[in-house]
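Residue strings, one per chain:
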Amino acid sequence: MKNIVVLISGNGSNLQAIIDACKQKKINGTIRAVFSNKADAFGLERAREANIPAHALEASQFAGREAFDRELVHEIDAYAPDVVVLAGYMRILSPAFVEHFAGRLLNIHPSLLPKYPGLHTHRQVLENGDEEHGTSVHFVTDELDGGPVILQAKVPVFDGDSEEDVTERVQAQEHAIYPLVVSWFVDGRLEMLDGAAWLDGVKLPPQGYAAEE
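From a predicted model like this one, the values you see are computed outputs, not experimental measurements.

Visitor: Help me out: how do you make sense of the packing of aromatic side chains in this one?
Guide: The geometry of an aromatic ring pair comes down to the distance between the two centres and the angle between the two planes. Enumeration according to the criterion identifies five aromatic pairs in this entry. Between the aromatic rings of Phe62 and Phe68, the centroid separation amounts to 5.4 Å while the plane-to-plane angle is 80°, which identifies the pairing as edge-to-face. The ring of Phe68 carries Arg91 above its face, with NZ or CZ at 3.9 Å from the centroid.

Visitor: Explanation requested: the pattern of salt bridges in the structure shown.
Guide: Two side chains with opposite charge may pair up if their charged atoms get near one another. Scanning the model with the defined rule gives five salt bridges in all. Across the pair Glu163 and Arg123 runs a salt bridge, and its minimum N-O distance is 3.3 Å. Placement of Glu163 in helix α6 (residues 163–186) and of Arg123 in helix α5 (residues 121–127) is noted, with a sequence separation of 40 residues between them. Glu163 sits in the partly exposed class, given a relative accessible area of 31%. The partner of Asp161 in a salt bridge is Arg169, with the nearest N and O atoms 2.7 Å apart. Of the residues examined, Asp161 reaches a relative accessible area of 14% and is grouped as buried.

Visitor: Where do I start with the sheet that holds strand β7 (residues 149–156) in this structure?
Guide: The pairing of strands in a sheet happens through backbone hydrogen bonds and is either parallel or antiparallel. Taken in spatial order, the seven strands line up as β3-β2-β1-β4-β5-β6-β7 in an open sheet, and their pairing is mixed. Every other strand in the sheet has two partners, leaving β3 (54–56) and β7 as the edge strands with one partner each. When the angles between neighbouring strand axes are averaged without regard to direction, this sheet yields 20°. Of the pairings in the sheet, the one linking strand β1 (residues 2–8) to strand β2 (residues 29–36) comprises seven bridges and is parallel in character.

Basis of the calculations
- Residues numbered from 1 in each chain as written.
- Predicted model: local features only at pLDDT ≥ 70, side-chain atom pairs only at ≥ 80, totals over all residues.
- Heavy atoms only, no water.
- Phe/Tyr/Trp six-rings, centres within 6.5 Å; stacked < 30°, edge-to-face > 60°.
- Lys NZ or Arg CZ within 6 Å of the ring centre and 35° of its normal.
- Salt bridge = Lys/Arg side-chain N within 4 Å of Asp/Glu carboxyl O.
- Helix = DSSP H or I, 4+ residues; strand = E, 2+ residues; numbered from the N terminus.
- Buried < 20%, exposed > 50% of the residue type's maximum accessible area, 1.4 Å probe, protein only.
- Pairing = 2+ DSSP bridges.
- Axes fitted to C-alpha atoms, helices over the stretch in contact; angles between N-to-C directions.

Here you go:
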């Protein structure tokens, strides 16, 4: 069984989807620990409910980002992770952290990358009148939300939608595709090579894997 460590900052709904997928044997791995940069993150409760070690490291305990990330690397490494999964982790990672876990660091971002990196993606979609939105799972590199895309899911945006409507629609897709990508990784089907994502030995296009229509 492969070791999975998950990093969160908030509610942890994607964490819950991955916990459930592990329980249902859809992911051939075990979540060894969950870390949050916020002690009151509800995702830590989800971890405890599932008997997963839950840890909080807060920035105020450290001199700076590098010191914080050094300690985080040290604590994550204690669980010998095969993959580190960012599930709503809202801190910018230091280059040293990204380099340490290069090729085994996954993130999910609520937009169809490369559109709308960073924050407030749903708001931007509504303000720009986009008819389509979605979510992207990607490998993490030094570039913010810029690593190679593995899989995307698209959702429609309707007239009169609120941010809450769009968020709910996107999260439903996230909870489906993130556990799937984690399962690909732990099964040895997915890797990052030469700055690209590869699945089953095939280099994926910039938008990631596309099922046959």
